[in-house]
Amino acid sequence: MRTIRVETSAATILLTEAPEPKVRDRQTGEIAKDAISGEALMTIGVVYIEDGESSLFKVTVPEGGVAEGLTLGAPVSLPGLVARPWESVFNGQQRHGIAFRAAAVTPAAFPAAMGASA
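So, here's what we can say about the structure. Remember, predicted model here, so these are calculated numbers, not experimental data.

Looking at the overall build of the protein
Within the protein one finds zero helices and 10 strands. Listing every helix and strand of the protein by position from the N terminus yields β-β-β-β-β-β-β-β-β-β. The buried share of the protein, reckoned over its 118 residues, is 27%. Here the analysis covers contacts within the protein between residues at least 6 apart in sequence; of these, 59% occur between residues at least 24 apart. Of the roughly 8,200 Å² that the protein leaves accessible, carbon and sulfur atoms contribute 53%. Averaged over its 10 positive side-chain charges, the protein has a centre that lies 7 Å from the centre of its 13 negative ones.

Laid out in structure tokens, this is it:
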């Protein structure tokens, strides 16, 4: 399925949920792995703020891309952020959504206020 690059330069992204292993199978507890590298995958929760609007969503990141020093509520950077639409049938119900994936999650700085003077 096609992936769509997400431009984040004009957005503020805040960490709302600490990184935790992405579970592939809830019954067995199997951790999801990257299909190409085999690296374990993690999920984080973020709030994405741009143009006065905000959205909460989860982002999948390879375990090696999770930087040290992440703090809840603090701004983060998500290099290589992409969105991928998905759909499936579960228990006879059609489901669909958008999955977000980034190459890494790293601490960032709050953007400077527009028009602020020193």
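Things to note about unusual backbone geometry
Residue Asp-51 is not a glycine yet carries a positive backbone phi of 55°. A positive phi angle, close to 50°, is found at Asn-91, a residue other than glycine. With respect to the element layout, Asn-91 can be found in the loop between strand 8 (82-90) and strand 9 (93-101). On the basis of relative accessible area, Asn-91 is assigned to the exposed category, the value being 69%.

A few points about the nonpolar core
Counting 16 residues, the largest nonpolar core has Ile-13, Ile-44, Val-46, Val-59 and Leu-78 as its most contacted members. Where this core is concerned, the elements lending two or more residues are strand 2 (12-21), strand 5 (41-50) and strand 6 (53-62). Non-local contacts of Ile-44, meaning those with residues more than four positions away in its chain, are made with Leu-15, Glu-17, Ala-18, Pro-19, Phe-57, Lys-58, Val-59, Leu-78 and Val-105.

A few points about the side chain of Asp-34
Along the chain, the position of Asp-34 falls in the loop between strand 4 (30-31) and strand 5. Overall, the relative accessible area of 15% leaves Asp-34 in the buried class. Looking at Asp-34, its side chain comes within polar contact range of the main-chain nitrogen of Ser-37, at 2.7 Å. The residues contacting Asp-34, other than those within four sequence positions of it, are Glu-39, Leu-41 and Arg-101.

Let's talk about the pairing of strand 5
Of all 10 residues making up strand 5, eight are buried, and the element is well covered by its neighbours. Note: strand 2 against strand 5, seven bridges, orientation antiparallel. Each residue of the ladder has a partner; that of Thr-12, found in strand 5, is Ile-49. Pairing geometry for strand 5 and strand 6, over 10 bridges, is antiparallel.

Considering the side chain of Thr-60
Its place among the elements puts Thr-60 in strand 6. With a relative accessible area of 9%, Thr-60 lands in the buried category. A distance of 3.2 Å separates polar atoms of two side chains, one belonging to Thr-60 and the other to Lys-22. Those residues in contact with Thr-60, other than ones at most four positions away along the chain, are Lys-22, Leu-41, Met-42, Thr-43, Phe-100, Arg-101 and Ala-102.

Procedures and definitions
Residues numbered from 1 in each chain as written. Predicted model: local features only at pLDDT ≥ 70, side-chain atom pairs only at ≥ 80, totals over all residues. Heavy atoms only, no water. Helix = DSSP H or I, 4+ residues; strand = E, 2+ residues; numbered from the N terminus. Buried < 20%, exposed > 50% of the residue type's maximum accessible area, 1.4 Å probe, protein only. Contact = heavy atoms within 4.5 Å. Areas by Shrake-Rupley, 256 points an atom, 1.4 Å probe, with all protein chains shown as cover. Lys, Arg positive; Asp, Glu negative; His and termini not counted. Charge placed at Lys NZ, Arg CZ, Asp CG, Glu CD. Core = buried A, V, L, I, M, F, W, Y, C linked by side-chain atoms within 4.5 Å. Polar contact = N/O pair within 3.5 Å; in protein donor to acceptor, adjacent residues only side chain to side chain. Pairing = 2+ DSSP bridges.

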